[in-house]
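The residues making up each chain are set out below.
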Amino acid sequence: MRNKYDYYPTPEWCYENLPIDWSQFEVALEPAAGDGRIVNFLQNKGITMDYCELQEGIDFFEWRGEYDLVITNPPFSLAQEFIEHALSMSTTVVMLLRINFLGSQKRYDFWSQFPPDGMFILSKRPSFTGKGTDATDYAWFVWSDREDLQGFHWIK
């Protein structure tokens, strides 16, 4: 059984260990903020944050703006739509996705048009429920012209 709104909070280590120079971003958006942990983390890094959260009545797909960074753990059932909308708002988009999201005949045209520039691969599987991990590997997929965010990286 899936959680309502595909609500699966991101464990802190998944973003705290990202080897990203956060000082290069001034204004960011978290499109699926959940309990606000990524928003708080980035605010503590000095980034001005906006956020959306459907459970609070703030629908990302109705949101407009320009940002230095859009970062989230999107609802997996809407991941492609989240990526496409985020790319219309920012030149740096970072999304936590299952690595097997790269597959699928259904997404072939999407990947042909929007291949990621980089990936930060999680070396261990996160627990989104606090009840152990699933049998799926995850990575932060990155679309950005920033060289330090391009290529493949592994997070311990």
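Please refer to the structure higher up on the page.
It should be emphasised that the depicted structure is a prediction, and the values quoted were computed from it without experimental measurement.

**Quick look at the pattern of salt bridges**
Line of reasoning, step 1. Applying the stated criterion across every chain, the model contains two salt bridges.
Line of reasoning, step 2. The partner of Glu-12 in a salt bridge is Arg-37, and the shortest N-O contact between them spans 3.7 Å. In this pair, Glu-12 is assigned in helix H1 (residues 12-16) and Arg-37 in helix H2 (residues 37-44), connecting sequence segments 25 residues apart.
Line of reasoning, step 3. On the accessibility criterion, Arg-37 (24% relative accessible area) is partly exposed.
Line of reasoning, step 4. Across the pair Arg-37 and Asp-35 runs a salt bridge, and its minimum N-O distance is 2.7 Å.

**Details of the environment of Met-119**
Line of reasoning, step 1. For Met-119, the position within the fold is in strand S5 (residues 118-122).
Line of reasoning, step 2. Distance from Met-119 to Gln-150, taken between C-alpha atoms, is 7.3 Å for residues 31 residues apart in sequence.

**Comments concerning the pairing of strand S1 (residues 27-30)**
Line of reasoning, step 1. Pairing geometry for S1 and strand S2 (residues 48-51), over four bridges, is parallel. Paired with Ala-28 across the bridge in S2 is Met-49.
Line of reasoning, step 2. Handedness of the β-α-β unit built from S1, H2 and S2 comes out right-handed.
Line of reasoning, step 3. Pairing of S1 with strand S3 (residues 69-72) involves two bridges; the strand directions are parallel.

So, how was this worked out
- Residues numbered from 1 in each chain as written.
- Predicted model: local features only at pLDDT ≥ 70, side-chain atom pairs only at ≥ 80, totals over all residues.
- Heavy atoms only, no water.
- Salt bridge = Lys/Arg side-chain N within 4 Å of Asp/Glu carboxyl O.
- Helix = DSSP H or I, 4+ residues; strand = E, 2+ residues; numbered from the N terminus.
- Buried < 20%, exposed > 50% of the residue type's maximum accessible area, 1.4 Å probe, protein only.
- Pairing = 2+ DSSP bridges.
- Right-handed = clockwise from strand over helix to strand, strands pointing away.

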